[in-house]
Structures are given as C-alpha cells and as structure tokens.
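Close look at the chain arrangement
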Amino acid sequence: MTRPFDELTKALGQQVLVRLKGDRIVRGTLASFDVHLNIILENAEELTNNEEQSVKEKYPKIMVRGDNIIFIAL
Amino acid sequence: MTRPFDELTKALGQQVLVRLKGDRIVRGTLASFDVHLNIILENAEELTNNEEQSVKEKYPKIMVRGDNIIFIAL
Amino acid sequence: MTRPFDELTKALGQQVLVRLKGDRIVRGTLASFDVHLNIILENAEELTNNEEQSVKEKYPKIMVRGDNIIFIAL
Amino acid sequence: MTRPFDELTKALGQQVLVRLKGDRIVRGTLASFDVHLNIILENAEELTNNEEQSVKEKYPKIMVRGDNIIFIAL
Amino acid sequence: MTRPFDELTKALGQQVLVRLKGDRIVRGTLASFDVHLNIILENAEELTNNEEQSVKEKYPKIMVRGDNIIFIAL
Amino acid sequence: MTRPFDELTKALGQQVLVRLKGDRIVRGTLASFDVHLNIILENAEELTNNEEQSVKEKYPKIMVRGDNIIFIAL
Amino acid sequence: MTRPFDELTKALGQQVLVRLKGDRIVRGTLASFDVHLNIILENAEELTNNEEQSVKEKYPKIMVRGDNIIFIAL
C-alpha cells in the first residue's frame, strides 16, 4: 500500500487547493512539505469561502503550518 | 483481538463516509491511510450537512488530515 | 489496581454508549480499541442529543477517533 | 513531596466529583485511573450544571477520557 | 537562572490563585504539582469571575489538570 | 543564527508584555522561563484589552503556562 | 526536495507577514525561528484585520509562539 504522503510527493509542482480550519481556502503550487504537513505554496491565492471562490489575496510564497489543514485537494 | 486500524485495512478500495469536525462530511474511496489517521480519498465528494446529504463539491483526490476526523463509517 | 483500559477489554462485544465532543452520541457494539482510544463500533447508531435519544442514523461499522470521546458508558 | 497522582490513589473507592470541559459534571466512585488521567467511575451520575446539581442521568460504569477533565474534587 | 517550576516549589503550602480557561478561578493551598502542571489545592474555593471574586463553591481538596491553567498567582 | 529562546534569555530582568489567548494581556518583569515557554513574571499586571490598556489587576508574581501565549513583546 | 523550513532560512532578515489564529496579523523582519515555528520578528507591526491592513500597534521585537501561526507569507 502507498501512504498518504506518497500522494503529496506526486503532487509536487502541481496546483493544490487547501482547506484550512477557520473557513479559509488557499490555492497554489505545492513546492515542498514535511512530516508535520507544513507546506510551501508558490503563487498562492487566498480564496473567498463561498460558491464563487474568487481570489481575495495573492502571495508569491507562503508556508502553511500543518495543524491548520483540514484537507488538501490534489 | 483485532485493532481499529485493521478495519481500515479491510476497507481499502471501498467507499467510506468521513465525518469531520466543523460539521463537514466527505465521502470517497479509501485509497490509503497512515498512523495519524491521515487518509487519501479518491473520487471524493463533500456533502451538505443536512438530512439529504447532497453533493456540494467533487474532488478527484483529497488528503484529509487525521486530526479533523470524528468518525469513519466503513 | 486494574486500569481503565482493562474495563474496555471486559466490554468487548457488548453495547456501549459513547458521548462525543460537539454534542454527539453514538451507540454500538464495542468491537475493538487501541491505546489512543480509537474504537470500532458495530451496528452503530447516532442518537439525537435530547432526552429521547432517538436514532438519527445507522452505520454497520464505524471507527471513532479517540480524541473526540468525552466518556464511554460501559 | 507527594505528587498529585498520589492523591488519586488515596481516593480509590471513594466518591469524587469531576468537572469536565463543556460544562459537564459527573460524580461517581473512583475505580481506577491511568497516567493520562483517564478514569473509571462506578455508579456514575451526570449532574445538571446549576446550583442544585440534580441528577440528569445514571450510568453503572463510565470511562472518562482524561483530556476532558478540568478538576476532580477528591 | 532558576526555572518557573522552582517558584512552584517555593509556593508549596501557601495559598495560590489559579486562573483557568473558560473563565474559572480557583484558590487554595498548593499541596503538590507535577511536570504537567497538574496541581493539588487544599481548602479550595471556586470564585466568581467578577470584580468581587466571591466564593462560589468550596472543596476540601481538588486536583486541577494542568492543561486548563492560564496562570497561577504565587 | 541565534534562536528565539536566546532573545528570551536577553530579556531576563526586563519588562515584557505578553498577549494571551482569550484576549488577555499581562505585563511584568521576566524572571524565568522554560522550554515549554512557561514564564514567571514579577510585579505582574493584567491589562484591559482596549486602546488604553489600563491596569486591571496586580500580582507580585505569576507563572503563565506557555501554551496560552500568542506573543511576547520583548 | 527542499523542505518548508529551508524557505524560512532564506527569508531571514526579510520582512514577512504572519497570519495568526484569532484573526490577528503581524508583520516584521524575520530574525530567527526554531523547530516549533516559534519566531522572532523585529520592527514588528500588528495590523488591522480588514482590507486596509493599517498598523494597529508597533513593537521593536516580538516572539510569536509557533502554534498560533496559520501561515507566513515569505
């Protein structure tokens, strides 16, 4: 059996959508991650938490602390 | 005695429903998991949190961080 | 002195009621557990959180993540 | 110096009142405990969270997960 | 440099005021503590959370679980 | 590179302002700290959480449990 | 693959924006960090949590406890 982190490795360099606790959504290119699920997203966008999910803010690079993550859409 | 994670192993490749903290429900095919209960769901659907549980959003593949999980219906 | 987990071992195969954080109640046959208090309940029922505690939903088998548990009535 | 857990050992077999997070109060005979402060209460009663503290529900035996406990009145 | 726990050792046998998460205040004689900051208070009083801080409830001895503590006034 | 705790060592004996979860602010002389960020403040003052930050309460010495701290202004 | 903390090392001496739980935003020069993501910010500013993000408070140096961090914009 592969493990969940193997899927993250496959997703490196690809765009992912990350749903965070506190009704936040960020999207960006997955540049790296570690065992705590801390991740680096490049060309990151914070999206509004509604049906349109329009771009609220842009960041060239963010580090998201793993414990805020609900799920990552790969 | 078998252990709870043995039941997850048996459920690999099957559809499971996952109730998350914060009134979220996701459903999908259990593709993998690890000791932290991080899981990969394929053909994942986020459901509305009401009696109908209709599909709100679809994702080809998501990684759910284990600490958000309340229970997994196997 | 016996330890709390010894009581869980004795309760294997018996019906237990589990009160969860977030005002949830589930009931079912205790099939297995581990050191994190992750548990498998068979013929599980989610109950309404009022005096009647009527059945809200039924699941053949659920794995409850231990950190959601307030108490288990044995 | 004695340690807090020594006081729990002395209280074995005696009635204790346990205040839980989320405004819950349970009372019962302390039958066992472990290092995580998981405890078994026998002849347990859940009390209403008001001045009267009347009995709301009775359970022959409950296992309380330690991380829910605010304090135990010995 | 002394360490914070050294101050607790000095306060053994003295009255301390403990502010807890969830707007609770307890006061009592510090009888013992451990590395998790679990503490035993003797002749404990729960105080109202207002300017008067009048006594709401009395307990001969309580064990407070360390993770509820915001600060201890020594 | 120096590490964050090196800055705490430099601040020993100086007045610091500590912002806590739950909208609390305390100020005092940093007397000691440990690896969990438990700290001792001497001549501590709890401040109101508004623009004036006036003194609400005074304590000769308090031990703040590290996990309540958002940031320490050095 | 580089790891998320490598990006923090590259950002030392540069201005970063840190979004904290509880709707707080701080900005400052990243002076140091440790494995818990505790960070030191110099010339730190707390910003209002609205579109303008105007400066609410200034601090010469703050230590932010890592577990409050949602993300760091590098």
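Residues numbered from 1 in each chain as written. Chains lettered and ligands numbered in written order. Predicted model: local features only at pLDDT ≥ 70, side-chain atom pairs only at ≥ 80, totals over all residues. Heavy atoms only, no water.

Between chain C and chain B, which share one sequence, the superposing operator has a rotation angle of 51° and an axial displacement of 0.0 Å; the RMSD is 0.0 Å. The fraction of interface residues of chain C whose copies in chain B are also interface residues is only 5%, indicating that the copies meet through different surfaces. (Least-squares fit on C-alpha atoms with pLDDT ≥ 70 in both. Contact = heavy atoms within 4.5 Å.)

With that settled, the discussion passes to the packing of aromatic side chains. Inspection of every chain in the model, using the stated rule, returns 14 aromatic pairs over all chains. Aromatic side chains Tyr59 of chain A and Phe71 of chain G sit 5.3 Å apart centroid to centroid with 65° between the ring planes, which places their arrangement in the edge-to-face category. Taken together, the residues Tyr59 of chain A in strand β4 (residues 55–64) and Phe71 of chain G in strand β5 (residues 69–73) connect one chain to another. Here Tyr59 of chain A matches Phe71 of chain G in class, with each residue buried. Consider the rings of Phe5 of chain C and Phe33 of chain C, whose centres lie 5.9 Å apart with planes at 35°: the pair is tilted. Taken as a pair, Phe5 of chain C in helix α1 (residues 4–11) and Phe33 of chain C in strand β2 (residues 24–33) lie far apart in primary sequence, 28 residues in all. The burial state of Phe5 of chain C is the same as that of Phe33 of chain C; both residues are buried. Over the face of the ring belonging to Phe33 of chain C we find Arg3 of chain B, whose NZ or CZ atom lies 5.7 Å from the ring centre. (Phe/Tyr/Trp six-rings, centres within 6.5 Å; stacked < 30°, edge-to-face > 60°. Helix = DSSP H or I, 4+ residues; strand = E, 2+ residues; numbered from the N terminus. Buried < 20%, exposed > 50% of the residue type's maximum accessible area, 1.4 Å probe, protein only. Lys NZ or Arg CZ within 6 Å of the ring centre and 35° of its normal.)

This part takes up the interface of chain G and chain F. With 20 residues of chain G in contact, the opposing surface of chain F contributes 21 residues. Here chain G packs against chain F, burying approximately 1,800 Å² in sum over the two surfaces, 59% of which is carbon and sulfur. One can count three salt bridges joining chain G with chain F. Where Lys21 of chain F meets Asp67 of chain G, a salt bridge forms, and the shortest distance between an N and an O atom there is 3.1 Å. Applying the counting rule to chain G against chain F returns 10 residue pairs in polar contact (both at pLDDT 80 or more). Elements represented by at least two residues in the side of chain G that touches chain F include exactly β2 (24–33), β3 (39–47) and β4 (55–64) of chain G. In terms of residue count, β4 of chain G provides more of the side of chain G that touches chain F than any other element does, six residues in total. Class assignment for the residues of the side of chain G that touches chain F results in 10 nonpolar, three polar and seven charged. (Buried area = accessible area lost by both parts, 1.4 Å probe. Salt bridge = Lys/Arg side-chain N within 4 Å of Asp/Glu carboxyl O. Polar contact = N/O pair within 3.5 Å; in protein donor to acceptor, adjacent residues only side chain to side chain. Nonpolar A, V, L, I, M, F, W, Y, C, P; charged D, E, K, R; others polar.)

If you look at the interface, chain C gives 20 residues, while chain B gives 21 residues. Together, the buried faces of chain C and chain B total about 1,800 Å²; carbon and sulfur atoms form 59% of this surface. Counting across the interface, chain C meets chain B through three salt bridges. Applying the counting criterion to the chain C and chain B interface returns 10 residue pairs in polar contact (both at pLDDT 80 or more). Of all the secondary-structure elements, those providing two or more residues to the side of chain C that touches chain B are β2, β3 (39–47) and β4 (55–64) of chain C. A total of six residues in the side of chain C that touches chain B trace back to one element, the largest contributor, which is β4 of chain C. Each residue belonging to the side of chain C that touches chain B can be placed in one class, and the counts come to 10 nonpolar, three polar and seven charged. By the bridge criterion, three bridges tie strand β5 (residues 69–73) of chain B to β4 of chain C in an arrangement that is antiparallel. (Pairing = 2+ DSSP bridges.)

Below, the discussion takes up the arrangement of the chains. The two units chain A and chain C never meet; even their closest C-alpha atoms stay 15 Å apart. At no point do chain B and chain F touch; the closest pair of C-alpha atoms across them sits 19 Å apart.

So, on to the pattern of salt bridges. Tallied over the full model, the rule gives 63 salt bridges over all chains. Between Asp23 of chain B and Arg24 of chain C there is a salt bridge, with its nearest N and O atoms 3.9 Å apart. Separated into two different chains, Asp23 of chain B in the loop between β1 (15–20) and β2 (24–33) and Arg24 of chain C in strand β2 make up a pair that spans both. Taking the shortest distance from any N to any O, the salt bridge between Glu7 of chain E and Lys61 of chain F comes out at 2.6 Å. Separated into two different chains, Glu7 of chain E in helix α1 (residues 4–11) and Lys61 of chain F in strand β4 (residues 55–64) make up a pair that spans both. Owing to a relative accessible area of 6%, Glu7 of chain E belongs among the buried residues under this scheme. Because the salt bridges share partners, they merge into one network encompassing Asp23 of chain A together with Arg24, Glu46 and Lys56 of chain B.

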